[in-house]
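This is what each chain is made of:
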Amino acid sequence: MKFSKEEIRSSMLLYAVTDRAWLKEGETLSGVCANVLKNGATFLQIREKDLDPAAFAREAAELKALCAAARVPFVVNDSVEIALDIDADGVHVGQSDIRGRDIRAMIGPDKILGISAGTVEEARAAQAAGADYIGVGAVCQTSTKKNARSLSLEKLREISGSVRIPVVAIGGISAANLMELSGSGVDGVAVVSAIFAAEDPGAATAALARLSRKMVAHE
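In short, a report on the structure. (Residues numbered from 1 in each chain as written. Predicted model: local features only at pLDDT ≥ 70, side-chain atom pairs only at ≥ 80, totals over all residues. Heavy atoms only, no water.)

1. Some words on the side chain of S184
Item 1. Mapped onto the fold, S184 is located in the loop between β7 (167-170) and β8 (188-191).
Item 2. In this structure the side chain of S184 is engaged in a polar contact, spanning 2.7 Å, whose partner is the backbone oxygen of L181.
Item 3. Polar contacts involving the side chain of S184 include one to the main-chain amide nitrogen of V186, which spans 3.5 Å. (Helix = DSSP H or I, 4+ residues; strand = E, 2+ residues; numbered from the N terminus. Polar contact = N/O pair within 3.5 Å; in protein donor to acceptor, adjacent residues only side chain to side chain.)

As structure tokens, this is what we get:
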């Protein structure tokens, strides 16, 4: 599925990143993601660090189908090969992945390319590498990445202002601190545990979506 630049920007509003570590007894990742999409997630990234490639691909294909039905962009974290194999909407990679590799050439012009950045220099490098959006963080302390440093609102604003493409803030964002990002210039927020660790992921998604719309409207 192809998304316009305007659709990609608006899809940054509430960007959900999966984490199966938080699944409760009887839950499946696809079941939780269906609930999350129904309640307002505007973008979905599958992130799997421990699954073997075959299981990763099967799970990614399931989530791709859910996202296609909801017309929500779906990208695979890190694995260009799996993203291409299942014909995902795109891939999200880190700074190290764009050194010496032309990811844009690998995935073609119509796939979504997201790249992580933590500095103005990295943001500009991502844009030059053909990124459709940048994930900037960590903006708050996060348990997902132990060595991630938090960015100040001023630094986040500086990074957002340094590129023309959409910027989504990530890292330790929750309903309790999301509004602190008002005025940062970001197009939305990416969350992991604030959704997948919640007692009710659907309700958490709906609340975060409302807050993110309010935050972005305050720019």
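2. What to know about the sheet that holds β8
Strand-to-strand pairing in sheets goes through backbone hydrogen bonds, with the strands running parallel or antiparallel.
Item 1. The strand order β1-β2-β3-β4-β5-β6-β7-β8 describes a closed barrel built from 8 strands, whose pairing is parallel. Within the sheet, the average angular offset between the axes of one strand and its neighbour, ignoring direction, is 25°.
Item 2. Relative to β8, helix α9 (residues 201-217) is tilted by about 150°, and along the sheet it contacts β1 (14-17) and β8. (Pairing = 2+ DSSP bridges. Axes fitted to C-alpha atoms, helices over the stretch in contact; angles between N-to-C directions. Contact = heavy atoms within 4.5 Å.)

3. A short note on the packing of aromatic side chains
Item 1. Following the criterion strictly, the structure yields 3 aromatic pairs and no others.
Item 2. Between Y15 and F43, the ring centres sit 4.2 Å apart and the planes meet at 10°, which makes this aromatic pair stacked. Placement of the pair is Y15 in strand β1 and F43 in strand β2 (residues 43-46), with a sequence separation of 28 residues. Accessibility assignment for this pair places Y15 and F43 in one class, buried.
Item 3. A network of ring pairs unites the aromatic residues Y15, F43 and Y133 as a single cluster. (Phe/Tyr/Trp six-rings, centres within 6.5 Å; stacked < 30°, edge-to-face > 60°. Buried < 20%, exposed > 50% of the residue type's maximum accessible area, 1.4 Å probe, protein only.)

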